[in-house]
Amino acid sequence: MKKMLALLLALAMTLSLAACGSSSSSTDTTESGDASAAAETTETEDTSAAADETADTADATGETYTVGIVNWVDDASLNQIVENIQTELAAKGEELGCTFEVNYDNAQADSTVLNQIGADMVASQVDVIVAVATPVATVMQAATEDTDIPVVFSAVSDPVGAGLVASMDEPGGNVTGTSDALDTTAIMNLMLAADPDLDLVGLLYDTAQDSSTQPIEDAKAWCDENGIAYEEKTGSTTDDVLLATQSLISDGVDAIFTPLRQHRYDRRADHL
């Protein structure tokens, strides 16, 4: 049943990300198999799969499952994901004839609080944990390491780089979810199309964010391949970002690339 819950929640998050207008790719649990193999399933296997699904639905009838949802910080996009997951769970509960009780918590971008939330979720023996954003996913992964509680992540840009999954096709372990990874090459090509005379690109990011690592490396590789110079600046607070941006402009960059809107909490300015 926990396998069914993890797959159900991965689907719910795919829907929630679509509602947010984000592109997403979903990783399947190891037990679910390879997608390409699934495409070649025979009619007999389809019938068997349908029977298994019916059995799962029957097993779920009348049951109550606790879903722990942990958010990194109050943020419009992250909060929308949480709301959409809750809505989808309510709908699926009616469809399956079971109840999903949500245990929600928000770390407010405090690592100490986040670790305590992870410990509390494990102690309360929730059936599955939904981790919203990379910092939450990594902490929940560690918190559930010696348990059978599955973790389903959302709003994670680089699941492989963050060490959450072994690969996007075969995640391994007890972790799965959806990724909002960027197509950095497409973005940089669009930048060049908008300004064919592009000579110098500013790269602005937060070194503390795992989600920035791969997009920045990809941006550097693109610049090298296209003979375009780049200048790096970093910032982790609103003031840092403002100063870094001003510095890049003063240095004469033609464009600025920043990987993602980083969900870091700035206690003075609410959030980035």
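Here the structure is shown first, and the text comes after it.
So, here is what we can say about the structure in this document. (Residues numbered from 1 in each chain as written. Predicted model: local features only at pLDDT ≥ 70, side-chain atom pairs only at ≥ 80, totals over all residues. Heavy atoms only, no water.)

Let us look at the overall build of the protein chain. In terms of regular secondary structure, the protein chain is built from nine helices and 11 strands. The buried share among the 272 residues of the protein chain stands at 40%. Considering only contacts in the protein chain between residues 6 or more positions apart, those separated by 24 or more positions represent 71%. Approximately 13300 Å² of the protein chain is accessible, and the part contributed by carbon and sulfur atoms is 48%. (Helix = DSSP H or I, 4+ residues; strand = E, 2+ residues; numbered from the N terminus. Buried < 20%, exposed > 50% of the residue type's maximum accessible area, 1.4 Å probe, protein only. Contact = heavy atoms within 4.5 Å. Areas by Shrake-Rupley, 256 points an atom, 1.4 Å probe, with all protein chains shown as cover.)

Spatially, the three strands line up as an open sheet ordered 8-7-9, and their pairing is parallel. Each edge of the open sheet is held by one strand with a lone partner, namely strand 8 (229-234) and strand 9 (255-257). For this sheet the average axis-to-axis angle between neighbouring strands, irrespective of direction, equals 30 degrees. Looking at chain direction, strand 7 (residues 200-205) and strand 9 are connected through three bridges and run parallel. (Pairing = 2+ DSSP bridges. Axes fitted to C-alpha atoms, helices over the stretch in contact; angles between N-to-C directions.)

Orientation of helix 5 (residues 111-123) relative to helix 6 (residues 134-143), taken along the N-to-C sense of each, is 45 degrees, at an axis distance of 9 Å. It follows that helix 5 is oblique to helix 6 by the angle criterion. In the packing of helix 5 onto helix 6, the handedness of the crossing is right-handed. The segment helix 5 lies against helix 6, with Leu 114, Asn 115, Gly 118 and Val 122 engaging Pro 135, Val 136, Val 139, Met 140 and Ala 143. Considering only residue class, the contact of helix 5 with helix 6 consists of seven nonpolar, two polar and no charged. (Parallel < 35°, antiparallel > 145°, perpendicular 65-115°, else oblique. Left-handed = near helix turned anticlockwise from the far one by under 90°. Nonpolar A, V, L, I, M, F, W, Y, C, P; charged D, E, K, R; others polar.)

This brings us to the environment of Pro 171. The topology assignment puts Pro 171 in the loop between strand 5 (151-156) and strand 6 (175-179). What makes Pro 171 buried here is its relative accessible area of 4%. It is 8.4 Å that separates the C-alpha atoms of Pro 171 and Val 160, two residues lying 11 residues apart in sequence.

Attention now goes to unusual backbone geometry. Trans peptide bonds make up most of the peptide bonds, and negative phi angles are found at most residues other than glycine. The backbone of Gln 108 sits at a positive phi, close to 50 degrees, despite the residue not being glycine. Positionally, Gln 108 belongs in the loop between strand 3 (99-106) and helix 5. If you check the backbone angles, Ala 133 has positive phi at about 95 degrees while not being a glycine. The exposure class of Ala 133 is buried, given its relative accessible area of 2%.

With that settled, consider the pattern of salt bridges. Tallied over the full model, the rule gives four salt bridges. The closest approach of N and O atoms between Lys 220 and Glu 232, which form a salt bridge, is 3.0 Å. Taken together, the positions of Lys 220 in helix 8 (residues 210-225) and Glu 232 in strand 8 put the pair 12 residues apart, joining distant regions of the chain. A residue is classified by how much of its surface remains accessible, and Lys 220, at 15% relative accessible area, is buried. Among the ionic pairs, Glu 231 bridges to Lys 233, the shortest N-O distance being 3.8 Å. One network of salt bridges, in which partners are shared, links Glu 217, Lys 220 and Glu 232. (Salt bridge = Lys/Arg side-chain N within 4 Å of Asp/Glu carboxyl O.)

Membership of the largest hydrophobic core comes to 40 residues, with the highest contact counts inside it found for Val 70, Trp 72, Leu 114, Ile 129, Met 140 and Leu 164. When contributions to this core are tallied by element, the ones reaching two or more residues are strand 2 (64-71), helix 4 (76-96), helix 5, strand 4 (128-132), helix 6 and strand 5. Per element, the largest residue contribution to this core is six residues, and it comes from helix 4. Discounting chain neighbours no more than four positions away, the residues touching Leu 164 are Ala 137, Thr 138, Gln 141, Phe 153, Val 156, Pro 159 and Val 175. In terms of nonpolar packing, the next biggest core, distinct from the first, is built from 13 residues, Met 188, Leu 203, Trp 222 and Phe 257 among them. (Core = buried A, V, L, I, M, F, W, Y, C linked by side-chain atoms within 4.5 Å.)

Between its terminal C-alpha atoms helix 9 (residues 238-250) stretches 18 Å, which fits the 18 Å expected from 13 residues at 1.5 Å a residue. Downstream of helix 9 by a residue or two, Gly 252 has a phi angle that is positive, lying close to 85 degrees. (Expected span 1.5 Å × (residues − 1).)

A few words on the environment of Gly 177. Here Gly 177 is to be found in strand 6. In sequence terms Gly 177 and Ala 131 are 46 residues apart; their C-alpha atoms lie 8.9 Å from each other.

This part is about helix 4. Working note: α-helix, 3.6 residues per turn, so residues spaced by three or four point in the same direction. Between its first and last C-alpha atoms helix 4 spans 30 Å; for 21 residues at 1.5 Å apiece the expected length is 30 Å, and the two agree. Those residues of helix 4 not exposed but buried are Leu 78, Ile 81, Val 82, Ile 85, Glu 88, Leu 89, Lys 92, Gly 93 and Leu 96. Looking straight down helix 4, one finds its buried side chains confined to an arc of 145 degrees; they lie on one side. Helix 4 presents Ala 76, Thr 87 and Glu 94 as exposed residues on the side facing more than 90 degrees away from its buried surface. Where helix 4 terminates, the next one or two residues include Gly 97, which has phi positive at roughly 75 degrees. (Arc of directions from axis to C-beta.)

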